[in-house]
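Here's the letter readout for the chains.
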Amino acid sequence: MSTDAASLEFRDVVKRYPGADENAVDELSLELPAGEICVLVGPSGCGKTTAMRMVNRMIDITTGDILLDGRSVTERKAADLRRDIGYVIQQIGLFPHRTIADNIATVPRLLGWDKQRVSERIDELLDLIGLGSEMRDRYPAQLSGGQRQRVGVARALAADPPLMLMDEPFGAIDPINRERLQNEFLRLQAELRKTIVFVTHDIDEAIKMGDRIAVLRKGGRLAQYASPAELLMFPADPFVEDFVGADRALKRLALQRVRDIELWNGALCRVGEETSAVRARLAEADLEFPLLVDGQGRPKGWLSERGLSGERVREDIRSRAEPVLDLDDILRDALSDLLSTETMYGPVVDAEGTVRGVLSLRAIANALNIAPEEVPSSAELASGALTQ
Ligand SMILES: Nc1ncnc2c1ncn2[C@@H]1O[C@H](COP(=O)(O)OP(=O)(O)OP(=O)(O)O)[C@@H](O)[C@H]1O
Ligand SMILES: [Mg+2]
């Protein structure tokens with residue numbers, strides 16, 4: 001896993017198929033830094049596959065240019081170029097009469113690697129994609145759709161290419177396995193840091209997978225090229241706005257973690273502590289109840305008025321500190337936890353379980369820059385509006 005990733009640039013790229021009266025890709029310009037995932041998204045027929053296939057010259061560019069690490073793809077022999085570019089096609093495309101091992105070995109063998117090296121690479125990749133080496137001698141038909149898809153990814157990665165093209169790689173897979181594969185792939189990418197062009201027609205998948213998203217409209221015209229957050233917050237025009245959907249405030253929640261937003265300041269207290277000190281802290285806090293914590297600073301519960309009535313704090317809990325949220329929680333999940341326990345706020349802990357602040361519905365609304373009454377209800381959350 002040593003080859004560096006390559007940067008990619010589309011420069012005024014046009015594709016017109018012979019006999020067509022409209023361009024399939026129209027003056028497409030975009031730059032992708034090395035090691036990032038660019039998602040091409042848009043309705044069927046908007047030119048996603050065409051744009052992608054011009055990169056490895058499976059389709060000729062009509063005018064304009066595509067540069068891989070600053071060098072025009074047209075200057076290179078197509079066969080050479082394709083060995084540098086891993087390609088996962090729309091329908092997986094494993095060779096049915098070859099074993100899984102032989103499928104994965106396709107490009108390394110083309111490159112003339114010796115047997116030992118090819119064999120080691122197969123084991124390494126099977127391990128990477130979470131399949132056992134007992135899969136080596138099976139045929140594609142003996143695998144599930146999700147497993148086949150992973151083998152497709154392994155095959156594309158086999159020669160450690162600096163660029164990967166992935167055309168709807170998870171399109172044919174049921175939603176649950178799809179989510180699993182997406183997560184697996186993102187974990188893999190965090191290690192590999194390949195440059196990836198990823199095609200999908202699913203905006204939720206684009207938001208989840210992309211460092212940058214290129215929204216295309218019919219005729220292969222670029223409507224917007226932006227980060228997922230920017231796309232959700234500032235859609236460039238009504239087409240993009242419509243495409244990202246009316247629930248974009250909700251989608252934004254999936255992009256942030258609890259640690260990313262400004263938490264409320266709660267007054268913490270311990271059993272036996274002087275109540276006057278706690279009252280002083282309460283005056284500074286964002287919440288009117290103190291949070292009782294144990295010796296390690298872990299939450300025990302919200303202290304009652306009685307617990308504060310003496311000179312020293314007594315263990316008298318008004319309500320349990322539920323839910324307890326984690327700094328690393330996705331904001332959407334944290335909100336869903338708050339709503340399902342029907343509470344307005346919950347303590348947030350770090351990896352050690354120590355309280356680091358309080359998450360409230362209002363803090364979430366602030367972070368999203370919306371009025372608190374617009375915070376989605378649990379019904380909206382449950383309706384799947386937020387499913388990735
Ligand atoms: N070989 C071809 N000859 C002529 N026209 C083509 C060819 N391939 C694609 N087209 C046309 O070019 C346009 C873009 O097609 P393309 O396959 O790139 O779309 P896409 O965005 O990948 O669609 P989908 O989401 O359905 O896969 C379409 O209008 C299509 O009909
Ligand atoms: Mg396509």
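So, how was this worked out
Residues numbered from 1 in each chain as written. Chains lettered and ligands numbered in written order. Predicted model: local features only at pLDDT ≥ 70, side-chain atom pairs only at ≥ 80, totals over all residues. Heavy atoms only, no water. Salt bridge = Lys/Arg side-chain N within 4 Å of Asp/Glu carboxyl O. Helix = DSSP H or I, 4+ residues; strand = E, 2+ residues; numbered from the N terminus. Buried < 20%, exposed > 50% of the residue type's maximum accessible area, 1.4 Å probe, protein only. Pairing = 2+ DSSP bridges. Axes fitted to C-alpha atoms, helices over the stretch in contact; angles between N-to-C directions. Contact = heavy atoms within 4.5 Å. Domains from an automatic or database assignment. pLDDT = per-residue confidence, 0-100. Phe/Tyr/Trp six-rings, centres within 6.5 Å; stacked < 30°, edge-to-face > 60°. Lys NZ or Arg CZ within 6 Å of the ring centre and 35° of its normal. Core = buried A, V, L, I, M, F, W, Y, C linked by side-chain atoms within 4.5 Å. Near = heavy atom within 4 Å. Polar contact = N/O pair within 3.5 Å; in protein donor to acceptor, adjacent residues only side chain to side chain. Areas by Shrake-Rupley, 256 points an atom, 1.4 Å probe, with all protein chains shown as cover.

Trainee: How should I be thinking about the pattern of salt bridges in this particular structure?
Mentor: A side chain of one charge can pair with a side chain of the opposite charge when the charged atoms of the two come close. The final tally for this structure, using the stated rule, is 22 salt bridges. D123 is the partner of R136 in a salt bridge, and the nearest nitrogen-oxygen pair spans 2.7 Å. Pair noted here: R136 is in the loop between α5 (115-128) and α6 (145-157) and D123 is in helix α5, with a separation of 13 residues, a long-range link. You can call R136 buried: its relative accessible area is 19%. A salt bridge links R298 to D294, with the nearest nitrogen and oxygen atoms 3.0 Å apart. Look at D294 and you get buried, because its relative accessible area is 18%.

Trainee: I tried to follow the sheet that holds strand β7 (residues 163-167) on my own but got confused; where do I start?
Mentor: Paired through their backbone hydrogen bonds, the strands of a sheet run either parallel or antiparallel. Reading across the sheet, the 6 strands line up as β6-β7-β8-β3-β9-β10 and stay open at both edges, with mixed pairing between neighbours. The strands lining the two open edges of the sheet, one partner per strand, are β6 (85-88) and β10 (221-226). Strand-to-strand twist across the sheet, computed as the mean angle between neighbouring axes with direction ignored, equals 15 degrees. Contacts from α6 reach β6 and β7, with the element oriented near 165 degrees to β6.

Trainee: How should I be thinking about the domain arrangement of the chain in this particular structure?
Mentor: Accessible area lost on assembly of the parts is the figure often given for the size of an interface. Per the domain assignment, the segments of the chain are domain 1 (8-246) and domain 2 (258-382). Centre-to-centre, using C-alpha coordinates, domain 1 lies 43 Å away from domain 2.

Trainee: It is not clear to me how the confidence of the model for the chain should be interpreted in this structure. Could you clarify?
Mentor: Detailed reading of predicted coordinates is not advised where the pLDDT is low. Averaged over the chain, the pLDDT score is 88; the fraction of residues at 70 or greater is 93%. Within the model, the stretch residues 384-388 combines pLDDT values under 50 with 12 contacts to residues more than four positions away or in other chains.

Trainee: How should the packing of aromatic side chains be read in this particular structure?
Mentor: For any pair of aromatic rings, the description consists of the separation of the ring centres together with the inter-plane angle of the planes. What the rule picks out here adds up to 4 aromatic pairs. For R155, the ring lying beneath its charged end belongs to F95, and the centroid distance is 5.1 Å.

Trainee: What is the right way to read the pairing of strand β1 (residues 8-15) from this model?
Mentor: The buried fraction of β1 is high, at 6 of 8 residues. Relative to strand β4 (residues 63-68), β1 runs antiparallel, the two sharing 5 bridges. Within the sheet, the bridge partner assigned to R11 lies in β4 and is D65. Note: β1 against strand β2 (residues 25-32), 5 bridges, orientation antiparallel. From the neighbouring strand, L8 faces β2, where its bridge partner is L32.

Trainee: Before we go on, may I ask you to explain the sheet that holds strand β11 (residues 268-269) in this structure?
Mentor: Taken in spatial order, the 4 strands of this open sheet run β11-β12-β13-β14, and their pairing is mixed. In this open sheet, the two strands that pair with only one neighbour each are β11 and β14 (317-319). Sheet topology places strand β12 (residues 291-293) next to strand β13 (residues 299-303); 3 bridges connect them, and they run antiparallel. The residue of β13 that forms the bridge with L292 is G301.

Trainee: Any chance you could explain the nonpolar core here in plain terms?
Mentor: Generally speaking, a soluble globular protein has its nonpolar side chains buried in company with each other. The biggest cluster of nonpolar side chains holds 47 residues, and the ones touching the most others in it are I104 and F185. Looking at this core element by element, the count peaks at 5 residues for α6. Residue contacts for I104: discarding those within four places in its chain leaves I122, L125, L126, V151, A154, R155 and A158. Core analysis: the next-biggest nonpolar cluster, separate from the first, contains 29 residues, I59, L163, A214 and L216 among them.

Trainee: What is the right way to look at the pairing of β7 in this model?
Mentor: Moving residue by residue along a regular strand, the side chains alternate between the two faces of the sheet. Most of β7 sits inside the fold, with 5 of its 5 residues counted as buried. Burial along β7 is two-sided: the face carrying L163, L165 and D167 and the face carrying M164 and M166 are both buried. The sheet contact formed by β7 and strand β8 (residues 195-200) spans 5 bridges and is parallel. When the sheet's bridge partners are listed, M166 is paired in β8 with F198.

Trainee: Would you mind going over the site of ligand 1 with me for this structure?
Mentor: Close to ligand 1 lie 11 residues, the nearest being S44, G45, K48, T49 and T50. Measuring from a nitrogen atom of ligand 1, one finds a side-chain N or O atom of Y17 at 3.3 Å. Here T50 contributes a side-chain N or O atom positioned 2.5 Å from an oxygen atom of ligand 1. Protein chains shield 56% of the accessible area of ligand 1, which is 640 Å² for the free molecule.

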